[in-house]
Amino acid sequence: MASPGSGGGRVDLLTIGAFARASRLSPKALRLYDSLGLLTPAHVDEVSGYRFYRPDQLEQARMVAWLRRLGMPLARIQVVLTAGTPEQAAREIASYWAETEAELISRQALAAHLIRYLSGSEPAMPGTRPALTIRYAARSDIGRHRERNQDTAYAGRRLLAVADGMGAGGEAASAAVIEALKPLEAALPAGNLLNAMAEAVRQAGASLADAGPGTGTTLTAMLWSGSQLVLVHVGDTRAYLLRAGELFQITHDHSVVQALLDEGKITPEEAESHPQRSLLLRAIAGDGPADPDVSLHDAQAGDRYLLCSDGLTTVVSPGVIRDTLSAPGDAEQAVAQLIDLANQAGGPDNIACVVADVAEPRPGPV
Ligand code: MG
């Protein structure tokens, strides 16, 4: 039988039907992957438009199918397929999966919250979910190269926050936005906590109206209510969750470098030394709305949260952060160790850290 690959000693090509059966992808899916550039046929018949594939393309086709089963978006599959080495491809999948898990944790909490809210069980049965307590520590350090400390760190019974100020009034800006959140610490607002947090950030932004051009701040903050927390985030300060020995980054940087990474235009290695590392896509400034990410999370006893500025994360790797947070010691010790590590790595920037440990409340008198 004549096929496009049968002459000149070339390998026999598979028709799209045969290739679809062997790869367990539908011909429709194969046409889609072709149009997206994920899997280009070895040959397309000029007259009939039929697609033909080489047998050695089966592995790539199966990889696409597996990544689709993982739920990976097509643009991200492209990043895996074009990775320079299998190790880079593996890292891309690991990073996608860590984000998916963190996202799932947040969605789980939101679903649980909505179910309780709609079934009326939350206000009717206080005490069925014992409020967890947190033990916390916060510190901001000037680092080794800056003349001023524009980072602010705060931890209280209900509110945890870090902010990294920039521009001429950066110190005042990072302090002011956290100040604007503190009323939430004194009295939990009635109603929707997510809206209350978003509104507080809006007011924080308004408080910077006269700060002058170029002045602004990032903000990553958590507000606790019982066993849940509302996370609000703008910029490249970060929140991490250490749960069962694994570290999850639960915020997504609003930075130019993160956007380039998301689009697959640079590798994680290139991101580390990128000249535009500190350029932000979003910040709280006086010149417009901050557009924060706001999400709801369910906390568990044993969870450890870290909020930190880029003065830590640009010089201390996630693996070292995980090991440091996993080591024995209270929140105070963890904060001190992380700041020491950043300074030992050169301390090029201000460093803000907040660590909070979630625990069952101590049993009261019977
Ligand atoms: Mg910084």
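Please read these numbers as outputs of a predicted model, since none were measured by experiment.

Some words on unusual backbone geometry
The backbone phi angle of Arg24 is positive, close to 60 degrees, even though this residue is not glycine. Checked against the element boundaries, Arg24 lands in the loop between α1 (16-23) and α2 (27-35). The backbone of Ala244 shows a phi angle near 50 degrees, a positive value even though the residue is not glycine. Inspection of the secondary structure puts Ala244 in the loop between β10 (238-243) and β11 (246-249).

Structural notes on the domain arrangement of the chain
Its domain assignment divides the chain into domain 1 (1-69) and domain 2 (131-359). Taken over C-alpha atoms, the centre of domain 1 sits 48 Å from the centre of domain 2.

Observations concerning the nonpolar core
Ranked by internal contacts, the top residues of the largest apolar core, which has 25 residues, are Val177, Leu219 and Ile284. Of all the elements in the fold, those that place two or more residues in this core are β6 (159-166), α7 (170-186), α8 (193-206), β8 (219-225) and β9 (228-234). Here the element with the most residues in this core is α8; it accounts for six residues. Among all residues touching Ile284, those that are not within four sequence positions of it are Val177, Val201, Ala204, Gly205, Leu208, Gly216, Thr217, Leu219, Val234 and Ala290. In terms of nonpolar packing, the next biggest core, distinct from the first, is built from 22 residues, Ala155, Met222, Leu229 and Ala352 among them.

What to know about the pairing of β6
With seven of eight residues buried, β6 is to be regarded as a mostly interior element. Pairing of strand β5 (residues 151-155) with β6, which is carried by five bridges, proceeds in the antiparallel orientation. For Thr152, the partnering residue across the bridge sits in β6 and is Ala163. Between the end of β5 and the start of β6, which pair antiparallel, lie three residues. In this structure, β6 lies alongside β8, joined through four bridges in antiparallel fashion. The residue of β8 that forms the bridge with Val162 is Thr220. Note that β6 and strand β7 (residues 216-217) share two bridges and pair antiparallel. Along β7, the bridge assignment pairs Met166 with Gly216.

What counts and how
- Residues numbered from 1 in each chain as written.
- Predicted model: local features only at pLDDT ≥ 70, side-chain atom pairs only at ≥ 80, totals over all residues.
- Heavy atoms only, no water.
- Helix = DSSP H or I, 4+ residues; strand = E, 2+ residues; numbered from the N terminus.
- Domains from an automatic or database assignment.
- Core = buried A, V, L, I, M, F, W, Y, C linked by side-chain atoms within 4.5 Å.
- Buried < 20%, exposed > 50% of the residue type's maximum accessible area, 1.4 Å probe, protein only.
- Contact = heavy atoms within 4.5 Å.
- Pairing = 2+ DSSP bridges.

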